[in-house]
Amino acid sequence: AQSVTQLDSQVPVFEEAPVELRCNYSSSVSVYLFWYVQYPNQGLQLLLKYLSGSTLVESINGFEAEFNKSQTSFHLRKPSVHISDTAEYFCAVSASGNDMRFGAGTRLTVKP
Amino acid sequence: NAGVTQTPKFQVLKTGQSMTLQCAQDMNHNSMYWYRQDPGMGLRLIYYSASEGTTDKGEVPNGYNVSRLNKREFSLRLESAAPSQTSVYFCASSEAGGFNTGELFFGEGSRLTVL
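Now for a look at the structure at hand. Because the structure is predicted, anything quoted here is derived from the model rather than measured. (Residues numbered from 1 in each chain as written. Chains lettered and ligands numbered in written order. Predicted model: local features only at pLDDT ≥ 70, side-chain atom pairs only at ≥ 80, totals over all residues. Heavy atoms only, no water.)

With that settled, consider the overall build of chain B. The secondary structure content of chain B amounts to one helix and eleven strands. Starting at the N terminus and ending at the C terminus, chain B contains elements arranged as β-β-β-β-β-β-β-β-β-α-β-β. Rg of the C-alpha trace for chain B: 13 Å, near the compact-globule value of 13 Å for 115 residues, within the 12% margin. Counting only residues that meet the buried cut, chain B has 48% of its 115 residues in that class. Partitioning the contacts of chain B with sequence separation of at least 6, the portion at a separation of at least 24 is 55%. (Helix = DSSP H or I, 4+ residues; strand = E, 2+ residues; numbered from the N terminus. Rg over C-alpha atoms; globule rule 2.2 N^0.38 Å. Buried < 20%, exposed > 50% of the residue type's maximum accessible area, 1.4 Å probe, protein only. Contact = heavy atoms within 4.5 Å.)

As structure tokens, then:
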């Protein structure tokens, strides 16, 4: 079965600084990759996804992630974060179509 | 715009008690899911229902049962609650093939504590 490892449990950063949240996956077959965001006391929301085609995918609020097949990674980046980006971020992978595995999450805290 | 609605939002049980978590969606989605979220472990799939009338086990089904009551509703039952089932439970729904598209819509969660 596929699996996901998020390399950082917590990432503190100052407002307007760049950020990278790291995600590695393992799978013996082709994968679909996702990033979800969870704001306090809410459910998860899909942030962006890689299904096929361009390896660089973007969200509407300035995040981007790059699928790197050779390094089995799907890191999430934003060049300049805002206070409102404070949330928990989950990387997820689907390989078989019968399951979606989530990472343990990275808590991003943006400080003023 | 209700989306996915879960009840109750909070529940405290004693070991051995039973309870049912209710989930309803108003998006006419075919597929529905139950996940549990534990600190340091992310979300783990308990059961899912790819379409009305079908249910399948996920990664951690032991101790749980589900019922897809109709297209809108998908309930999760704990027959004999154990402290290990203390968790936050999320219901989600999607169009068919949600694991391939990633377009899962989540409810706000139900926080369950088993003493």
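On we go from here.
Our next topic: the side chain of B:Gln85. Residue and element names in this part refer to chain B. Topologically, Gln-85 is positioned in the loop between strand S8 (74–78) and strand S9 (87–94). For Gln-85, a relative accessible area of 5% translates into the label buried. Other than its neighbours up to four places away in sequence, Gln-85 contacts Arg-36, Asn-62, Gly-63, Tyr-64, Leu-78, Ser-80, Leu-112 and Val-114.

Residue and element names in this part refer to chain B. Tracing the backbone shows Glu-95 in the loop between S9 and helix H1 (98–101). Taking the C-alpha atoms as reference points, Glu-95 and Asn-28, separated by 67 residues in sequence, lie 8.1 Å from one another. If we skip the residues at most four places from it in the chain, Glu-95 touches His-29, Asn-30 and Ser-31.

This brings us to the side chain of B:Ser75. All names here are of chain B. Relative to the elements of secondary structure, Ser-75 occurs in strand S8. Judged by its relative accessible area of 8%, Ser-75 falls in the buried class. Beyond its immediate sequence surroundings of up to four residues, Ser-75 is in contact with Thr-20, Leu-21, Gln-22, Trp-34, Asn-65, Val-66, Ser-67 and Leu-69.

Now for the sheet that holds S8(B). Residues and elements named next belong to chain B. Spatially, the four strands line up as an open sheet ordered S1-S3-S8-S7, and their pairing is antiparallel. The open sheet has two edge strands with one neighbour each: strand S1 (4–7) and strand S7 (64–68). The mean inter-strand angle of the sheet, taken between neighbouring strand axes irrespective of direction, is 15°. Taken together, the four bridges between S1 and strand S3 (residues 19–25) define a ladder with antiparallel strand orientation. Within S3, the residue paired with Thr-7 across the bridge is Gln-22. (Pairing = 2+ DSSP bridges. Axes fitted to C-alpha atoms, helices over the stretch in contact; angles between N-to-C directions.)

The next subject is the interface of chain A and chain B. Each side of the interface is counted separately: chain A has 21 residues, and chain B has 20 residues. Interface of chain A and chain B: buried area, both sides summed, is about 1,600 Å²; carbon and sulfur atoms make up 53% of it. On the chain A side of the contact with chain B, A:Leu44, A:Met100 and A:Phe102 bury the most area, a combined 26% of that side's loss. Joining chain A to chain B, the criterion identifies two salt bridges. Salt-bridge contacts for B:Glu59 lead to A:Arg101; the nearest nitrogen and oxygen are separated by 3.6 Å. Applying the counting rule to chain A against chain B returns five residue pairs in polar contact (both at pLDDT 80 or more). Broken down by secondary-structure element, the contributors of at least two residues to the side of chain A that touches chain B are strand S5 (32–38), strand S6 (44–50), strand S10 (87–94) and strand S11 (101–102) of chain A. With four residues, the single largest contributor to the side of chain A that touches chain B is S5(A). A class-by-class count of the residues in the side of chain A that touches chain B yields ten nonpolar, eight polar and three charged. (Buried area = accessible area lost by both parts, 1.4 Å probe. Salt bridge = Lys/Arg side-chain N within 4 Å of Asp/Glu carboxyl O. Polar contact = N/O pair within 3.5 Å; in protein donor to acceptor, adjacent residues only side chain to side chain. Nonpolar A, V, L, I, M, F, W, Y, C, P; charged D, E, K, R; others polar.)

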